[in-house]
Amino acid sequence: MKKIIAVDGPAGAGKSTVSKIVAARLGYTYIDTGAMYRAVALKCNAQCVMRNAQWTEEFVAEVVQDIEIKLDTSEKVFLDGREVTKEIRTPEVSRGASDVAKFGVVRKKLTELQREMAVQGSVIMDGRDIGTQVLPNADLKIFLTASVEERARRRFEELKEKNFAADFEQIKKEISLRDKQDSEREIAPLAKAEDAVLLDSTSLTIEQVVTEILRLAR
Ligand code: DC
């Protein structure tokens, strides 16, 4: 059985949905690294307003210096001791997370934390650079993708289900922008590791993707 599983891919490909199910079936710990970048963005946003500052690398470095991010086993996210699980899911924080993710100082800090979290094994970690940078020795690497249209459609349906206002074209635009930013940044861009298995979920159900990952894990 593969003990460390890395799942990378673009926004909205279904990484967290399938990783959570795989973790539950294998009795593994699920680690959502995107939530950590989101927590950094939330803190930067708050500090920015308070101090009327710009998001320079210097400013962000100061903000993350003593940041405390905790993910608990029920997928709650804590930032400096305060629960922020819901707050980090807004479109503003999504954009902010992609913005702070380009800074080396942020990536270094979060990569260290993520490696510490994976040290015990029996983990499935999802993100953008897990197979390439954070856990290059992972036992199984998955690169999960889907077309932009399909990823936007899923996000649109999810928002509609929660009774949130949603504009399909706007969602598609935001996803494309994040794809571009995440894959074109200089440090640890979104990329498929050479030894990762490519899974295109455009026309697959969640269960089909889960079954394939479980098969590969075994
Ligand atoms: O997976 P997510 O949508 O919650 O991630 C939010 C942003 O965080 C994403 O646009 C890029 C960044 N990120 C990253 O750079 N590296 C990771 N390992 C995870 C997320």
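Computed from a prediction, not measured in an experiment: that's the story for all the values here.

Enquirer: So, the packing of helix α1 (residues 15-26) against helix α9 (residues 206-217): which residues are in play, and what are the values?
Expert: With their axes 10 Å apart at the nearest point, α1 and α9 run at an angle of 50° to one another. With respect to α9, the axis of α1 lies oblique. Crossing hand, α1 versus α9: right-handed. Residues T17, V18, I21, V22, R25 and L26 of α1 touch α9, and the partners they reach there are I206, E207, V209, V210, I213, L214 and A217. Across the contact of α1 with α9, the residue classes break down as 10 nonpolar, 1 polar and 2 charged.

Enquirer: Now, about the pattern of salt bridges: what can you tell me, with residues and values included?
Expert: All chains considered together, the criterion is met by 23 salt bridges. Note that K43 and D80 form a salt bridge whose closest N and O atoms lie 2.8 Å from each other. Of this pair, K43 sits in helix α2 (residues 33-51) while D80 sits in the loop between β4 (77-79) and β5 (82-83); the two residues are 37 residues apart in sequence, bridging distant segments of the chain. Close ionic contact of E158 with R155 constitutes a salt bridge, the shortest N to O distance being 2.9 Å. With E158 and R155 both in helix α7 (residues 148-161), this residue pair falls 3 residues apart, about one helical turn. Members of the salt-bridge network, linked through shared partners, are K43, D66 and D80.

Enquirer: Account for the pairing of strand β6 (residues 123-127), with residues named and values stated.
Expert: Of all 5 residues making up β6, 5 are buried, and the element is well covered by its neighbours. With burial as the criterion, each face of β6 is covered, one bearing V123, M125 and G127 and the other bearing I124 and D126. Note: strand β1 (residues 4-8) against β6, 5 bridges, orientation parallel. Bridge pairing links A6 to M125 in β6.

Enquirer: I'd like a rundown of empty space enclosed by the protein, residues and numbers included.
Expert: In total, this model carries 1 cavity of 30 Å³ or more according to the counting rule given. By volume, the largest cavity is sized at about 30 Å³. Looking at the lining of the largest cavity residue by residue, the class counts come to 5 nonpolar, 1 polar and 3 charged.

Enquirer: Describe the site of the ligand, naming the residues involved and giving the relevant values.
Expert: Near the ligand, the surroundings consist of 15 residues, among which R38, R107, D129, R178 and D182 are the closest. D129 is positioned such that a nitrogen or oxygen atom in its side chain is 2.9 Å from a nitrogen atom of the ligand. Of all the elements, α2 adds the most residues to the shell around the ligand, at 4 residues. Among the residues forming the shell around the ligand, the class breakdown is 4 nonpolar, 4 polar and 7 charged.

Enquirer: Describe the environment of R38, with residues and values.
Expert: Here R38 shows up in helix α2. For R38, a relative accessible area of 11% translates into the label buried. C-alpha of R38 to C-alpha of I88: the two residues are 50 residues apart in sequence and 5.6 Å apart in space. Ignoring anything within four residues of it in the chain, the contact list for R38 reads I88, R89, T90, V93, S94, A97 and R178. Polar side-chain contacts of R38 include one of 3.1 Å to the side chain of S94.

Enquirer: For the sheet that holds β4, give the residues involved together with the corresponding values.
Expert: If you trace the 3 strands from one edge of the open sheet to the other, you get β3-β4-β5, paired in antiparallel fashion. Across the chains shown, the open sheet's two edge strands, defined by having one partner strand only, are β3 (69-71) and β5. Here β4 pairs with β5 via 2 bridges, running antiparallel. Opposite F78, over in β5, you have E83 as the bridge partner. Of the strands in this sheet, β3, β4 and β5 touch α2, which is tilted by about 145° from β3.

Enquirer: Can you lay out the packing of aromatic side chains for me, pointing to particular residues and giving the numbers?
Expert: For the coordinates displayed, the defined rule picks out 1 aromatic pair. Consider the rings of F156 and F168, whose centres lie 6.1 Å apart with planes at 90°: the pair is edge-to-face. Pair noted here: F156 is in helix α7 and F168 is in helix α8 (residues 168-184), with a separation of 12 residues, a long-range link. Note on F156: relative accessible area 18%, which makes it buried. Of the residues examined, F168 reaches a relative accessible area of 24% and is grouped as partly exposed.

Conventions adopted
Residues numbered from 1 in each chain as written. Predicted model: local features only at pLDDT ≥ 70, side-chain atom pairs only at ≥ 80, totals over all residues. Heavy atoms only, no water. Axes fitted to C-alpha atoms, helices over the stretch in contact; angles between N-to-C directions. Helix = DSSP H or I, 4+ residues; strand = E, 2+ residues; numbered from the N terminus. Parallel < 35°, antiparallel > 145°, perpendicular 65-115°, else oblique. Left-handed = near helix turned anticlockwise from the far one by under 90°. Contact = heavy atoms within 4.5 Å. Nonpolar A, V, L, I, M, F, W, Y, C, P; charged D, E, K, R; others polar. Salt bridge = Lys/Arg side-chain N within 4 Å of Asp/Glu carboxyl O. Buried < 20%, exposed > 50% of the residue type's maximum accessible area, 1.4 Å probe, protein only. Pairing = 2+ DSSP bridges. 1 Å grid on protein atoms, 1.4 Å probe; cavity = no way out; pocket = protein on both sides within 12 Å on 5 of 7 lines; lining within 4 Å. Points joined across faces, edges and corners; volume = space filled by probe spheres on them. Near = heavy atom within 4 Å. Polar contact = N/O pair within 3.5 Å; in protein donor to acceptor, adjacent residues only side chain to side chain. Phe/Tyr/Trp six-rings, centres within 6.5 Å; stacked < 30°, edge-to-face > 60°.

What is shown is where atoms sit, not what they do.
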